[in-house]
Amino acid sequence: MTDNPSRATNDLPPAWQPAAVEAELYQRWVDAGYFTADAASAKPAFCIVIPPPNVTGSLHMGHALEHSLMDALTRRRRMQGYEVLWLPGMDHAGIATQNVVERELAGEGRSRHDLGREAFVERVWRWKAESGGMILNQMRRLGDGVDWSRERFTMDAGLSRAVQTIFKRLYEDGLIYRAERIINWCPRCHTALSDIEVEHSDDEGELISVRYGDGDGAIVVATTRAETMLGDTAVAVHPDDDRYRHLIGTEVALPLTGRVVPIIADDHVDPEFGTGAVKVTPAHDPNDFEIGRRHDLPALTIMDERGVITAHGPFEGLDRFEARPAVVAALREQGRIVAEKRPYVHAVGHCSRCDTVVEPRLSLQWFVKVAPLAKAAGDAVRDGRTTIHPAALAQRYFDWVDNMHDWCISRQLWWGHRIPVWYGPNEKVVCVGPDEQPPEGDGWEQDPDVLDTWFSSALWPFSTLGWPSRTADLDRFYPNTVLVTGYDILFFWVVRMMMFALYAMDDVQPFHHVYLHGLIRDAHGKKMSKSRGNAIDPLDWLDRYGADATRFTLARGANPGGDMALADEWAAGSRNFCNKLWNASRFALMNGATVAQPLPARDRLTDADRWILDGVDALVSEVDQLFEDYQFAKLCELLYHFTWDEFCDWYLELAKVQLAEGGARADSTRLVVGHVLDTLLRLLHPVIPFVTDVLWKSLTGNESLVIAAWPTASGTEPDTAAAGRIAAVQRLVTEIRRFRSDQGLKPGQRVPARLSGMDTADLTAHAAAVASLARLERPDESFTASATLEVGGITVELDLSGAVDVEAERKRLAKDLAAAEKELAQTEAKLGNPQFVDRAPAEVVAKIKARHEQAAADIKRIGARMEALAGERSLRGDGIA
C-alpha cells in the first residue's frame, strides 16, 4: 500500500455533484477488487459480518447508520494495512417473507394450501430471485465496502448445512427438547412468535372485577381478559395475606362453568395489586402456567389456533373478542360483576407483522435449554474475551444472560429451515444430520415446523465463514473483530450468537468487541414511525444530499449506546461541509498545492505553517484514539471543526498572504497546504469516501484513496510559541471583524487602519496577514482615526468616515433585531414546554438553550448598536459630525 509522489491535476468541476459521481465510482472500487478479502494474506485480519437485513426489507435509517459505522471501521483498517473482510448477506425472514408471498397469492384468489408446501416454498424462492434483496442495491448507493464475492443468505446450502449440524449436536447433547409451554401465538399468522416479533402498545380495554363463589367463601378477582376465566383451574393468593389465609386450601365455584377450583397460596402473587387474589389460567398466561406447574394444576385450552373459543357451552365457536363481552354480560346477569373500569389502558402485545393481538397459548413446541449456553455467554464478557462498548450496557447484557428462559425455536410456517426430526411408528423419533438419510418406510413423517429465524442468524458469525467445515476463511477471520448493532437487539441476536458460537467453536468467542449504537429519533427526540409522519427515508437523503452527507450526518450523531436525533437541516449542513472541502481543495489545486516528502525544514516554515502542521499531527492522534474507542460522533465533530475552522477559515486565508509573496515562501506554502489537505482527506475518507476519493486523486494523481495508507503522526515536538502567536492573531482578527460588523461595515469593505503594539506582542511578522484577514488598508497622510479598540495590548485605530450608510445600517439592524426576537420567543416556548425538556435527548435540549442564550446576547448587542446609530444620526443632523 504505497503512494506515489504527487501528480496533482486541477480538473475538478466547479461544484461537488454526488449524483453524477457516486454510482460509477463505487462500481470502479468493486471492479478493482478493493473490497475482496484474501484469506491467504499475511496481513493482520479484521472482520465484520453485516447484521443480515431481511430479504423483504428496504434501507431504513437504522440500516444506514449501522452500515455507515461499519464501513468507516473497515475502510480505516484497510488503509492501516489489515486484510479486511466485511461480509454481506441477508436473512430469510420467515414470517415476513411468507406473508409477502401469501398476499401475492391472495391477490390471485389462492392460498398456500392450494399450492401445497413444496410448490409454495418454490414460489417463495422465485419471489426472492425476482423481488427480494432490494436492500443490497441500496447498500451500494450508501458506499458499503463489502466483499460481494462472499455474500451469504441464511437459507443457502452452506448455512442450511450449518443449521442442521448444530441442531443435531444440541439435540444429542440434551440442549434441544420438545414440550408443551406457553408461547406467544399469532392467531392470524398461525405461528409461535419470538419476543422480538411482539410489539407492545398501550391499548384501551376494560378491567372487570368478578366475584367467585358466595357468602364467606367468596373471593373477588380482576381481569382484562374475561373470556379466559373459562379455562381457570385455581385462584391464587399470597401465603402471608391475612385477608385470605382462612380460604387457602378451600374450593370456590367458578361462574358459568359448573366447576369448582381450589384457592391456593403462591409467592408470585402481589397482595398490593388489585384485590390481592388472581385467577389462574395455566393454558393462556405465562405466569399462570408457572403457578400451575408448581401446584400441579390442569391446563385447560379453551381456544384454538384462530382465537376461537372451544370450551363447551354457550360461548363455543365465538371469536375471543366476541366471547369477551358475552362472558361479561353473562356474569353481569348472574350478579357476579363487582366493579368495571372502562377505559382501562394497559400494555397489549401485537404481532409485528400483521398487528394482530397476540395470544399466550399452551402449545407443543421445540425449545433450546439455555442455562449452560447462557452461562458461557456471560463468562465470555465477564472474563474479557468479548468487550461491550459502551461499558455501561454490559450490565444489560448480564441481566439477559443471567435470567434467560428456555428459547422456543419452532414456528408453524412453511418458509424456513424445517426441523430435521422425523417421527415414525411406535413413537420413534430420529434427528437427522446433514450427511444422513432420513428414515424411509411407512409411517415416517418429518416435523412440519420450521426454526425461528433467529436460530439461523445466531450462527451468522461462523456459519458465513464456512462452518461446520474447517475453511480458510474460518481459520483466518474467526473470531470476528467487532460486531456493530443496535442495543435493542442485544438479547434477541447478540446473546444468541454468543451462546451458539461458544458452543460450536469450542468456547472461542464470536467477537472481540461488540459496539452497540442507539436508536434514531426525530429532532424532538420522538421515535420515528410512518404512523407519526416523522420518519426520514435515507433514500430521500441520498437523492437530495448524497451518500457522503448522509453518512457524515449519521456518524456525527453516533455516541456509543446513545439515541440519535435527526433532521433534514443536519443533512444539509453535512452537504455544506462536503462543499466546503471541495472548494478548499479546488483553491489548493489552483494555487499549485502538491504532496511531497520531506516537507521543508521547520526553520524555513512560517508560524502559520508550523501551527497547522502541529495541529494536523495532533488531529491524527486524536482521531486514532477515538476510532479505537468507537467514538464516532466525537471524531466527526473533531474532523469537521479542524477542517472547516482551522484549515479552511484560518490557515488557507493565512496561506493566501504567503502565496502572494512568491518565491521560496510560496513554494513551501504549497507543500504545507498539500500535506495538510492530503492528511485530512485520508482521515475523512472512512466516513465520506466518495468526495475524498475524487479530491485525493486530483491532488496526488494516485490510483485511489481506498487503498492509500492511513496517516500517522510525525512525532515532531509542537512549536508552542508559534501556536501562541497564531492564537494572538486569531483573537486580534476576530475582534476587529466583530467591531467592523457592529459598525455596519460590509465584510469585503476595506478601511484605513493603524496598528500599534505589534512589535511588543511579537506579531510584527503577521501584520500583513492581519490586514488581509481583517480587510484593513494602509492609511495615507490624511488618516484620521474615528474609532479605536484595544485587543491584547494592540491598539487598532480605524478611519470609518464615510464608510457607513447610517440609514441603511439602521434598517439592517432592525431586521436582525426582529429575527433575534423571533428566535428568542421560539426557544423560550420550547424550553418552557415540560414535555419537550423531559423527553428530548439532552444534546437537543442543550442546543436549544445555547440558541436561546445567543438570541438574548444578539438582542442586547443589536440594541446597543441601534442606540449608537441614533446618537450618530442626531449629531450629524446638528451639523457636528
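Residues numbered from 1 in each chain as written. Predicted model: local features only at pLDDT ≥ 70, side-chain atom pairs only at ≥ 80, totals over all residues. Heavy atoms only, no water.

## Points about the overall build of the protein
In step 1: Across its full length, the protein holds 27 helices and 29 strands.
In step 2: Dimensions of the protein, computed from C-alpha atoms along their principal axes, come out at roughly 115 × 70 × 55 Å.
In step 3: Pairs at least 24 apart in sequence give 78% of the contacts found in the protein among residues at least 6 apart.
In step 4: Per element, the accessible surface of the protein, about 38,300 Å² overall, is 49% carbon and sulfur. (Helix = DSSP H or I, 4+ residues; strand = E, 2+ residues; numbered from the N terminus. Contact = heavy atoms within 4.5 Å. Areas by Shrake-Rupley, 256 points an atom, 1.4 Å probe, with all protein chains shown as cover.)

## Digging into the packing of aromatic side chains
In step 1: Inspection of every chain in the model, using the stated rule, returns 33 aromatic pairs.
In step 2: Considering the side-chain rings of Trp29 and Phe690, the 5.0 Å spacing of their centres and the 25° angle between planes classify their relative orientation as stacked. Taken together, the positions of Trp29 in helix α1 (residues 22–31) and Phe690 in helix α22 (residues 689–700) put the pair 661 residues apart, joining distant regions of the chain.
In step 3: Relative accessible area serves as the criterion here: at 1%, Trp29 is assigned to the buried category.
In step 4: Relative accessible area serves as the criterion here: at 0%, Phe690 is assigned to the buried category.
In step 5: Both rings, one in Phe577 and one in Tyr640, keep their centres 5.0 Å apart while their planes meet at 35°; by these two values the pair is tilted. Of this pair, Phe577 sits in helix α18 (residues 568–590) while Tyr640 sits in helix α20 (residues 632–661); the two residues are 63 residues apart in sequence, bridging distant segments of the chain. (Phe/Tyr/Trp six-rings, centres within 6.5 Å; stacked < 30°, edge-to-face > 60°. Buried < 20%, exposed > 50% of the residue type's maximum accessible area, 1.4 Å probe, protein only.)

## Topic: the nonpolar core
In step 1: Leu73, Leu566, Phe632, Phe647, Tyr651, Ile688 and Leu798 are the most contacted members of the largest nonpolar core, which has 144 residues in total.
In step 2: When near neighbours in sequence (up to four residues on either side) are disregarded, Ile688 contacts Asp548, Phe552, Phe577, Cys578 and Leu581. (Core = buried A, V, L, I, M, F, W, Y, C linked by side-chain atoms within 4.5 Å.)

## Considering a positive patch on the surface
In step 1: Among the surface-exposed residues, Lys526, Lys527, Arg532 and Arg839 lie close enough to one another that they form a single positively charged patch.
In step 2: Structurally, Lys526 can be placed in the loop between β24 (520–522) and α16 (538–545). (Patch = residues over 30% accessible without salt bridge, like charges linked within 9 Å, V, L, I, M, F, W, Y side chains within 5 Å. Salt bridge = Lys/Arg side-chain N within 4 Å of Asp/Glu carboxyl O. Lys, Arg positive; Asp, Glu negative; His and termini not counted. Charge placed at Lys NZ, Arg CZ, Asp CG, Glu CD.)

## Some words on unusual backbone geometry
In step 1: Omega for the bond connecting Trp467 with Pro468 falls within 30 degrees of zero, at 15°, which places this linkage in the cis form.
In step 2: Looking at where Pro468 falls in the secondary structure, it is placed in the loop between α13 (460–463) and α14 (472–477).
In step 3: In this structure, Pro598 follows Gln597 across a cis peptide bond, with omega equal to 0°.
In step 4: Examined against the element boundaries, Pro598 turns out to sit in the loop between α18 and α19 (607–628).
In step 5: Positive phi is not limited to glycine here, since His190 has a value of about 60°.
In step 6: Of note, His190 is situated in the loop between β5 (176–186) and β6 (191–193).
In step 7: Despite not being glycine, Leu256 has its phi angle at roughly 70°, a positive value.
In step 8: In this structure, Leu256 sits in the loop between β10 (251–254) and β11 (259–265).
In step 9: For Leu256, a relative accessible area of 26% translates into the label partly exposed.

## A look at the confidence of the model for the protein
In step 1: Across the protein, pLDDT averages 93, with 97% of residues at or above 70.
In step 2: This model gives residues 874–881 a pLDDT under 50, and the stretch forms five contacts once residues within four places in sequence are excluded. (pLDDT = per-residue confidence, 0-100.)

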